[in-house]
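Structural features, examined
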Amino acid sequence: MSYKHILVAVDLSESSQTVIDKAISLATGTNCKLSFVFVDVDRVVLARKEEQTLQQELQTLADQSDYPVEETLVVIGDLHIKLSTIVKKMDVDLVVCGHHHKFMSRLFSSIPKLANAVEADLLVVYLD
């Protein structure tokens, strides 16, 4: 099965590259669109300077990719709500995100909410 538009959700940490690499491996050779998103779940409002810094970090990841990135987005809010909205607006058919297997992640994982909210396939990449 080939996808038409893959949305890669990253947290801008070093492990983001692992998630990006997995998405690129799925997109390569299929003429698939690829977009990146960072959802800031810790803030209610982003100052213009902060938003520009985050957008620049996300664009750097896109520029370093071996695959053309259609769009980079920085948004704030609940992860599952924001990604669900983006999936519908951008006609995304696969969301790729990472999951850290740490104690707190097991208690407060956003993956179940994401799986129930997003109307697209969801690939969760294991991260150390």
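Since the model is a prediction, treat every value here as computed from it, not as a measurement.

1. Side note on the overall build of the protein chain
The helix and strand tally for the protein chain stands at five helices and five strands. Going from the N terminus to the C terminus, the protein chain shows its helices and strands as β-α-β-α-β-α-β-α-α-β. Computed over the C-alpha atoms, the radius of gyration of the protein chain is 14 Å, within 12% of the 14 Å expected from 2.2 N^0.38 for a compact globule of 128 residues. Viewed in the frame of its principal axes, the protein chain has a C-alpha envelope of about 40 × 30 × 30 Å. Relative to its full complement of 128 residues, the protein chain shows a buried share of 41%. Across the protein chain, every contact between residues at least 6 apart in sequence was considered, and the portion connecting residues at least 24 apart equals 77%. When the accessible surface of the protein chain is split by element, carbon and sulfur atoms take 50% of a total near 7700 Å². If you average the places of the 12 positive and of the 18 negative side-chain charges in the protein chain, the two averages end up 5 Å apart.

2. As for helix H1 (residues 16-27)
End to end, H1 covers 17 Å across 12 residues, agreeing with the expected 16 Å (1.5 Å per residue, within 8%). For H1, the full list of buried residues reads Ser-16, Val-19, Ile-20, Ala-23, Ile-24 and Ala-27. Along the axis of H1, the buried positions cluster into a sector of 135°, meaning they face one direction only. Just beyond H1, the residue with positive phi is Gly-29, at close to 80°.

3. Thoughts on the environment of Ala-23
Mapped onto the fold, Ala-23 is located in helix H1. By relative accessible area, Ala-23 is classed as buried at 0%. Through-space distance from the C-alpha of Ala-23 to that of Leu-34 is 8.1 Å; in sequence the pair is 11 residues apart. Setting aside residues no more than four positions away along its own chain, Ala-23 makes contact with Ile-6, Val-8, Leu-34 and Val-96.

4. Here we look at the nonpolar core
Nonpolar side chains in soluble globular proteins tend to end up buried together. Within the largest apolar cluster, 25 residues are counted, with the highest numbers of intra-cluster contacts made by Ile-6, Val-8, Leu-34, Phe-36 and Leu-58. Within the residue set of this core, elements represented by two or more residues are strand S1 (5-10), H1, strand S2 (33-40), helix H2 (48-63), strand S4 (94-100) and strand S5 (121-127). Not counting residues up to four positions away in its chain, the partners in contact with Val-8 are Val-19, Ile-20, Ala-23, Leu-34, Ser-35, Phe-36, Val-37 and Val-96. In terms of nonpolar packing, the next biggest core, distinct from the first, is built from 15 residues, Leu-7, Ala-9, Val-87 and Met-90 among them.

5. Some thoughts on the pattern of salt bridges
Oppositely charged side chains can form a pair if their charged atoms are brought close together. One pass over the full model with this rule turns up three salt bridges. Here Arg-43 ties to Glu-50 by a salt bridge, and the two come within 3.1 Å at their closest N and O atoms. For Arg-43, a relative accessible area of 35% puts it in the partly exposed group. Classification of Glu-50 by relative accessible area gives partly exposed; the value is 33%. In this structure, Glu-119 engages Lys-88 in a salt bridge whose closest nitrogen and oxygen atoms are separated by 3.8 Å. In this pair, Glu-119 sits in the loop between helix H5 (111-117) and S5 while Lys-88 sits in helix H3 (residues 79-90), placing the two residues 31 residues apart along the sequence. One continuous salt-bridge network, built from bridges that share partners, spans Asp-40, Arg-43 and Glu-50.

Basis of the calculations
Residues numbered from 1 in each chain as written. Predicted model: local features only at pLDDT ≥ 70, side-chain atom pairs only at ≥ 80, totals over all residues. Heavy atoms only, no water. Helix = DSSP H or I, 4+ residues; strand = E, 2+ residues; numbered from the N terminus. Rg over C-alpha atoms; globule rule 2.2 N^0.38 Å. Buried < 20%, exposed > 50% of the residue type's maximum accessible area, 1.4 Å probe, protein only. Contact = heavy atoms within 4.5 Å. Areas by Shrake-Rupley, 256 points an atom, 1.4 Å probe, with all protein chains shown as cover. Lys, Arg positive; Asp, Glu negative; His and termini not counted. Charge placed at Lys NZ, Arg CZ, Asp CG, Glu CD. Expected span 1.5 Å × (residues − 1). Arc of directions from axis to C-beta. Core = buried A, V, L, I, M, F, W, Y, C linked by side-chain atoms within 4.5 Å. Salt bridge = Lys/Arg side-chain N within 4 Å of Asp/Glu carboxyl O.

Geometry only, nothing functional implied.
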